[in-house]
Amino acid sequence: MSYQDKLGRPCGFLDLEDKENSGHFVRRFFRLEAQKGVLEYYVDNPSNLPEGSNPVGTIQLQYISQVSDAGKQKPKVQFCFVISIGGRKYFLKADSQNEQERWIRILTDLTKIKVPKQDIPRQADGDCNAEEITKSYTTEIVGGVVLKREDSDDSSSSSDEDEHTRYMLPSKSIREPIKMGFCIKQGARVKSWKRRWFVLDSENIAYYKSDTWQGKTPLKSIPVMEILDVRESRGIHLNKDNLFEIVTSARVFYCQCDTPGDMQDWMSKITTIMLSKEGMQRKKVCDRP
């Protein structure tokens, strides 16, 4: 049974699959240390262990991409749920459905990405969208699309990596998505890894803070015309499985997927659009009088 201890930390016993897909579960005591950003687990309730005993394992909250019911993956395991972290999945079994739902809710709420809200200094006028107004921005034309790039503010206290240097697509340039899904990406300045919802269309690959992205300004949008290469990442982050790189002249974006298949699908679809754009550019050059 899960409960909150004297310090308000959610904790309780769960059965943990000791090796992925082994089907063998072991009893562990879990304690959520939200301030430390970890979910710890012990062989027993720490109050029954020698003082100062360390957990036998920890799960970093910032690396969690999804927490969900595992009924389809483990149909024979009752009240099972799964914590997905890159290429690793932790399967956990609760004692009841209420316990299962409570842990899923708590972990999902804690792993949601929180982006500081920006104040809008004035009301929108003309054709400008209020969501697109920022303190200052630079307008560029990239790949035939007009883009607004917010000027960086060195005094900003935002902790959300490179999100203060975002590209903002005009609302009229919304296109049908070709692929969407969660990836974990590394920040540009602060080298932490955060879950983002990626949306690829025929012109850009953009990412948002959550999958409720419709009608919202992306945290960043990378024009396909600016992408130089898309490749599997090797030798840089050796502890990261299913990692690929989006290479532009400005920086390299490191993105981690849940499975090898998902990684290959992202690379394939981005590459297909890149080749299509290159073909269109060559045709334009050949058609010139």
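Residues numbered from 1 in each chain as written. Predicted model: local features only at pLDDT ≥ 70, side-chain atom pairs only at ≥ 80, totals over all residues. Heavy atoms only, no water.

### Quick notes on the overall build of the protein chain
Helix and strand counts for the protein chain come out as two helices and 18 strands. The burial tally for the protein chain puts 44% of its 289 residues in the buried class. Split by element, the accessible area of the protein chain, about 16,100 Å² in all, is 49% carbon and sulfur. (Helix = DSSP H or I, 4+ residues; strand = E, 2+ residues; numbered from the N terminus. Buried < 20%, exposed > 50% of the residue type's maximum accessible area, 1.4 Å probe, protein only. Areas by Shrake-Rupley, 256 points an atom, 1.4 Å probe, with all protein chains shown as cover.)

### Quick word on the pairing of strand E4 (residues 38–42)
By the criterion of burial, E4 is predominantly enclosed, with five of the five residues buried. Side-chain alternation along E4 places Val38, Glu40 and Tyr42 on one buried face and Leu39 and Tyr41 on a second face that is also buried. Pairing of strand E3 (residues 25–33) with E4 involves five bridges; the strand directions are antiparallel. Its bridge partner lying in E4, Glu33 is registered against Val38. Hairpin connection from E3 to E4: four residues lie between these consecutive antiparallel strands, with Gly37 at a positive phi of about 75°. In the sheet, E4 pairs with strand E5 (residues 57–60) via four bridges, with the strands oriented antiparallel. Opposite Tyr41, over in E5, you have Gly57 as the bridge partner. (Pairing = 2+ DSSP bridges.)

### What about the pattern of salt bridges?
Taken as a whole and judged by the stated rule, the model has 13 salt bridges. As a salt-bridge pair, Lys74 and Glu17 come within 2.9 Å of each other at their nearest N and O atoms. Taken together, the positions of Lys74 in the loop between strand E6 (66–69) and strand E7 (80–85) and Glu17 in strand E2 (residues 10–17) put the pair 57 residues apart, joining distant regions of the chain. Like Lys74, the residue Glu17 is buried in the burial classification. Here Arg234 and Glu232 are joined by a salt bridge, their closest N and O atoms 3.1 Å apart. (Salt bridge = Lys/Arg side-chain N within 4 Å of Asp/Glu carboxyl O.)

### Considerations on the packing of aromatic side chains
Tallied over the full model, the rule gives six aromatic pairs. Ring centres 5.2 Å apart and planes at 40° place the aromatic pair Phe198 and Tyr207 in the tilted group. According to the relative accessible area criterion, Tyr207 is buried, its value standing at 0%. Ring centres of Phe198 and Trp266 lie 6.2 Å apart, and the angle between their planes is 70°; this geometry places the pair in the edge-to-face category. Separated by 68 residues along the polypeptide, Phe198 in strand E13 (residues 193–200) and Trp266 in helix H2 (residues 260–287) bring together distant segments of the chain. Neither Phe198 nor Trp266 differs from the other in exposure class; each is buried. An aromatic cluster of at least three residues, connected via ring pairs, comprises Phe198, Tyr207 and Trp266. Here Lys179 stacks its cationic end above the ring of Trp266, 5.0 Å away from the centre of that ring. A cation over an aromatic ring shows up here: Lys240 above the ring of Trp193, its NZ or CZ 4.6 Å from the ring centre. (Phe/Tyr/Trp six-rings, centres within 6.5 Å; stacked < 30°, edge-to-face > 60°. Lys NZ or Arg CZ within 6 Å of the ring centre and 35° of its normal.)

### Brief notes about unusual backbone geometry
Its identity is not glycine, yet Phe79 carries a phi of approximately 60°, on the positive side. Summarising the element assignment, Phe79 is placed in the loop between E6 and E7. You can call Phe79 partly exposed: its relative accessible area is 22%. One non-glycine residue, Asn242, lies in the positive phi region at around 55°.

### A look at the nonpolar core
Ile205, Ile227, Phe244, Ile246, Trp266 and Ile270 are the most contacted members of the largest nonpolar core, which totals 21 residues. When contributions to this core are tallied by element, the ones reaching two or more residues are E13, strand E14 (204–208), strand E16 (227–232), strand E17 (243–248), strand E18 (252–256) and H2. The element best represented in this core is H2, accounting for six residues. Sequence-distant contacts of Phe244, that is, excluding residues within four places in its chain, are made with Val230, Arg231, Glu232, Ser233, Phe253, Tyr254, Cys255, Cys257, Met263, Trp266, Met267 and Ile270. (Core = buried A, V, L, I, M, F, W, Y, C linked by side-chain atoms within 4.5 Å. Contact = heavy atoms within 4.5 Å.)

### Some words on the confidence of the model for the protein chain
Summing up the model confidence of the protein chain, the mean pLDDT is 78 and the portion of residues at 70 or higher is 73%. This model gives residues 113–148 a pLDDT under 50, and the stretch forms 71 contacts once residues within four places in sequence are excluded. Per-residue pLDDT stays below 50 along residues 151–173; that stretch engages in 68 contacts with residues further than four places along the chain or on separate chains. (pLDDT = per-residue confidence, 0-100.)

### Quick look at the side chain of Glu33
By the secondary structure assignment, Glu33 is in strand E3. Side-chain polar atoms of Glu33 contact the side chain of Arg9, separated by 2.7 Å. (Polar contact = N/O pair within 3.5 Å; in protein donor to acceptor, adjacent residues only side chain to side chain.)

### What about the environment of Ser22?
Its place among the elements puts Ser22 in the loop between E2 and E3. Here the side chain of Ser22 touches His24 through a polar contact of 3.2 Å, landing on its backbone nitrogen.

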